[in-house]
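Now for the letters of each chain:
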Amino acid sequence: LEKGLNLADSLRGQAPANQKPHLAEMVERLRNFIGGCYYEISQAEMALEYHRRCLAAISDGVVTDLELKLLIYKSLGNDYMALGRHQDAIGFYEEASKLANDMDDPRQQGLAYWGLALAQQSSGDLARAKINFQKAISIFEVLDNARLVSQLRSMFGEILINLKQYDEAEKNLRQSLGAAERTGDSQTRGLALMNFADMHLAKGDLEKAIKTAHDGLK
């Protein structure tokens, strides 16, 4: 990707004027991908350096493609989440969700709501996190993505436990667990069992909490 970025940048300098805008956006698309690679290997500070340059390109009018803008905003949200800067993350996830709405792209809309909900949960705003998890779940149910719905319901259950809404939490966790078992998604199954154990613990049922935690460990 670094080689591609350097090549695209070099070509942009030599290209006719009518080709420069396309090549300039290609440079920023590659830059965003490179930042994403740093994020995936847990180097969020480096990721942020790349994505801030992408943001500057948006501000300067270099990036006009709506999809690329959305990807850059989501990338910045991810970086700030990894760095514990939750309010900054919320701002960029909100920008991404607005763009997804404008583009009528349900998948990107669902992913933006998911990121926004996680950032709000981390910042302690459980009421808004609940709303955005519900929005994400509804979107992926319409898209018939059972695997993502199962993951989301488990995370949603965690929010509901913290809000002491145990009946609704249990309903969502059971749906998550059932879907994970049907699809063979052991990671989501383990997460759902962990959240079930948390719920039993919160309700003071230590025996059930221990048994469920053991099942999750398996």
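In case you missed it, the structure is sitting above this.
Residues numbered from 1 in each chain as written. Predicted model: local features only at pLDDT ≥ 70, side-chain atom pairs only at ≥ 80, totals over all residues. Heavy atoms only, no water.

**As for the overall build of the protein**
This is how the line gets drawn: In this description a helix means any DSSP run of H or I spanning at least four residues, a strand means any run of E spanning at least two, and both kinds are numbered starting from the N terminus. Buried means the residue's accessible area, taken with a 1.4 Å probe over protein chains only, is under 20% of the maximum for its type, while exposed means over 50%, and partly exposed covers the values in between. Any two residues whose heavy atoms approach within 4.5 Å are treated as being in contact. Methods summary: accessible areas were calculated by the Shrake-Rupley approach with a probe of 1.4 Å, and residue burial reflects only the protein chains presented. Note on charges: Lys and Arg go in the positive column, Asp and Glu in the negative column, and His and the chain ends are not counted at all. In plain terms, the charge of a residue is placed at NZ if it is Lys, CZ if Arg, CG if Asp and CD if Glu.
Each helix and strand counted, the protein has 11 helices and zero strands in total. The linear arrangement of helices and strands in the protein, starting from the amino end, is α-α-α-α-α-α-α-α-α-α-α. A principal-axis box enclosing the C-alpha atoms of the protein has dimensions of 70 × 30 × 30 Å. Out of the 218 residues belonging to the protein, those deemed buried represent 43%. Excluding contacts between residues fewer than 6 apart, the proportion of contacts in the protein whose partners are at least 24 apart in sequence is 50%. A total accessible area of about 11600 Å² is found for the protein, and carbon and sulfur atoms account for 51% of it. Here the protein holds 26 positive side-chain charges and 30 negative ones, and the gap between their average locations is 2 Å.

**Re the nonpolar core**
It is characteristic of soluble globular proteins that their nonpolar side chains tend to be buried jointly. Basically, it comes down to this: What we call a nonpolar core is a set of buried Ala, Val, Leu, Ile, Met, Phe, Trp, Tyr and Cys residues that are connected through their side-chain atoms within 4.5 Å.
Formed by 26 residues in total, the largest nonpolar core has its most connected members in Trp114, Phe133, Phe140, Leu152, Ile161 and Met199. Every element with two or more residues in this core is listed here: α6 (106–122), α7 (126–142), α8 (146–162), α9 (166–183) and α10 (186–202). Sort the elements by how many residues they give to this core and α8 lands first, with eight residues. Leu152 has contacts with Trp114, Phe133, Ala136, Ile137 and Phe140, leaving out every residue within four places of it along the chain.

**What to know about the packing of aromatic side chains**
Rules: Pairing of aromatic side chains requires ring centres within 6.5 Å, counting the rings of Phe and Tyr and the six-membered ring of Trp. Pairs whose planes differ by under 30 degrees are stacked, by over 60 edge-to-face, and all others tilted.
On inspection of all chains with the given rule, the structure shows four aromatic pairs. Here Tyr38 and Tyr50 contribute two aromatic rings whose centre-to-centre distance is 5.5 Å and whose plane-to-plane angle is 25 degrees, an arrangement assigned as stacked. Of this pair, Tyr38 sits in helix α2 (residues 20–40) while Tyr50 sits in helix α3 (residues 44–59); the two residues are 12 residues apart in sequence, bridging distant segments of the chain. Look at Tyr50 and you get buried, because its relative accessible area is 15%. These aromatic residues form a ring-pair network of at least three members: Tyr73, Tyr80 and Phe92.

**Brief notes about the pattern of salt bridges**
Stated formally: Whenever a carboxyl oxygen of Asp or Glu lies within 4 Å of a side-chain nitrogen of Lys or Arg, that contact is scored as a salt bridge.
If you walk through the whole model with that rule in mind, you get 13 salt bridges. Lys98 is paired through a salt bridge with Glu95; the nearest N and O atoms lie 3.8 Å apart. Of this pair, Lys98 and Glu95 both sit in helix α5 (residues 86–103), three residues apart, which is roughly one turn of the helix. Notably, a salt bridge pairs Asp185 with Arg147, separated by 3.7 Å at the nearest N-O pair. Taken as a pair, Asp185 in the loop between α9 and α10 and Arg147 in helix α8 lie far apart in primary sequence, 38 residues in all. Owing to a relative accessible area of 4%, Asp185 belongs among the buried residues under this scheme. A single network of salt bridges, built from pairs that share partners, joins Arg29, Asp65 and Glu67.

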